[in-house]
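# Overview (structure and organization)
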Amino acid sequence: MLDMLQQLEATALGILVRESLYGFPVLVGLHILGLALSVGTLLWFDLRLAGLVLRDVPVTRVYRRLIPWASAGFLSMGVTGVMLFTGYAAAAYANPFFRLKLLAMALAGANALYYHFVTEPSAASWEHQAVPPASARAAGIISLALWAIVILCGRAMAYTMY
């Protein structure tokens, strides 16, 4: 595995990220902008699911308005995250905060899938309620917690990889 990660670091992109004057700072800046767009907009949907904000707006309307923005942010964050990884693949792989970050992202994805396939199909019966049912509230709160872990681990990586 280490050989594969070192080969990834030796690619032109990996070298650009590590050694160019602007590669790393530009990618980090775009990564943070993607994070703000994705998690920043997802936050409002999660808070609506939790019944804490926008209580008079149907859940599906909040979702339809915010998710296109969140999706664009996730795409940006994913692309820039992979690019950043190429520059420091071996160090990131060995970092426990990176592993926890990946685990939290996988669990956030599983939480979203569970919401969409199990909880959301019944939304027509509860989407106008100020406080959604426990399963929807749990999905929102779990999502908030997991994305907080992702963000905190990303910051912790910056202080523990070198």
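Everything below is about the structure shown above.
Residues numbered from 1 in each chain as written. Predicted model: local features only at pLDDT ≥ 70, side-chain atom pairs only at ≥ 80, totals over all residues. Heavy atoms only, no water.

The subject of this paragraph is the nonpolar core. In this structure, L42, F45, L49, V59, Y115, W126 and W147 are the most contacted members of the largest nonpolar core, which totals 20 residues. Elements with a minimum of two residues in this core: α3 (23-49), α4 (59-87), α6 (96-119) and α7 (134-160). No other element matches the six residues that α4 contributes to this core. Dropping the residues within four chain positions of it, W147 is found in contact with V39, L42, F74, M77, M105 and A108. In terms of nonpolar packing, the next biggest core, distinct from the first, is built from eight residues, L27, Y88, A92 and F98 among them. (Core = buried A, V, L, I, M, F, W, Y, C linked by side-chain atoms within 4.5 Å. Buried < 20%, exposed > 50% of the residue type's maximum accessible area, 1.4 Å probe, protein only. Helix = DSSP H or I, 4+ residues; strand = E, 2+ residues; numbered from the N terminus. Contact = heavy atoms within 4.5 Å.)

In this section: the environment of L42. Position of L42 among the secondary structure elements: in helix α3. Since its relative accessible area comes to 12%, L42 is described here as buried. Between the C-alpha atom of L42 and that of R99, which follows or precedes it by 57 residues, the distance is 23 Å. Among all residues touching L42, those that are not within four sequence positions of it are I67, A70, F74, S143 and W147.

So, on to the packing of α3 against α4. A pair of packed helices can be characterised by two numbers: the angle between their axes and the separation between those axes. Where α3 contacts α4, the two axes come as close as 7 Å, and the packing angle between them is 155°. The angle between the axes of α3 and α4 places the two elements in the roughly antiparallel class. Two packed elements cross with a definite hand, and for α3 against α4 that hand is left-handed. Partitioned by chemical class, the residues of the contact of α3 with α4 number 22 nonpolar, eight polar and one charged. (Axes fitted to C-alpha atoms, helices over the stretch in contact; angles between N-to-C directions. Parallel < 35°, antiparallel > 145°, perpendicular 65-115°, else oblique. Left-handed = near helix turned anticlockwise from the far one by under 90°. Nonpolar A, V, L, I, M, F, W, Y, C, P; charged D, E, K, R; others polar.)

This paragraph deals with the packing of aromatic side chains. Using the criterion set out here, one finds five aromatic pairs in the structure. For the ring pair F85 and F98, a centre distance of 5.3 Å and an interplane angle of 10° mean the geometry is stacked. Remark: F98 occurs in helix α6 and F85 occurs in helix α4; sequence separation between them is 13 residues. We classify F98 as buried; its relative accessible area is 13%. Through a chain of ring-to-ring contacts, three or more aromatic side chains come together here, namely F45, Y63 and Y115. Sitting over the ring of Y93, R99 keeps its end group 4.4 Å from the ring centre. (Phe/Tyr/Trp six-rings, centres within 6.5 Å; stacked < 30°, edge-to-face > 60°. Lys NZ or Arg CZ within 6 Å of the ring centre and 35° of its normal.)

A cluster of nonpolar side chains, L21, Y22, V26, L30 and L33, forms an exposed patch at the surface whose accessible area comes to about 560 Å². On the secondary structure map, L30 appears in helix α3. (Patch = residues over 30% accessible without salt bridge, like charges linked within 9 Å, V, L, I, M, F, W, Y side chains within 5 Å. Areas by Shrake-Rupley, 256 points an atom, 1.4 Å probe, with all protein chains shown as cover. Salt bridge = Lys/Arg side-chain N within 4 Å of Asp/Glu carboxyl O.)

Right, let's talk about α4 for a bit. Taking 1.5 Å as the rise per residue, α4 with 29 residues should run 42 Å; its terminal C-alpha atoms sit 40 Å apart, in good agreement. Along α4, the sharpest change in direction is near 40° and occurs at L66; proline P68 comes one to four residues later. Three or more residues of α4 are buried, namely V59, V62, L66, I67, A70, G73, M77, T80, L84, T86 and G87. (Expected span 1.5 Å × (residues − 1). Bend = angle between axes of the 7 residues up to and from the residue.)

Another aspect to go through is the side chain of E127. Within the secondary structure layout, E127 lies in the loop between α6 and α7. Salt bridges are absent for the buried E127, whose nearest opposite-charge side chain, R64, sits at 5.7 Å. If we skip the residues at most four places from it in the chain, E127 touches R48, V57, P58, V59 and T60. (Lys, Arg positive; Asp, Glu negative; His and termini not counted.)

Take the packing of α6 against α7 next. Two elements in contact, α6 and α7, have axes whose closest approach is 8 Å; the angle formed by their N-to-C orientations is 160°. Compared by their axis directions, α6 and α7 come out roughly antiparallel. Judged by the twist between their axes, the crossing of α6 over α7 is left-handed. The residue inventory of the contact of α6 with α7, partitioned by class, reads 18 nonpolar, six polar and one charged.

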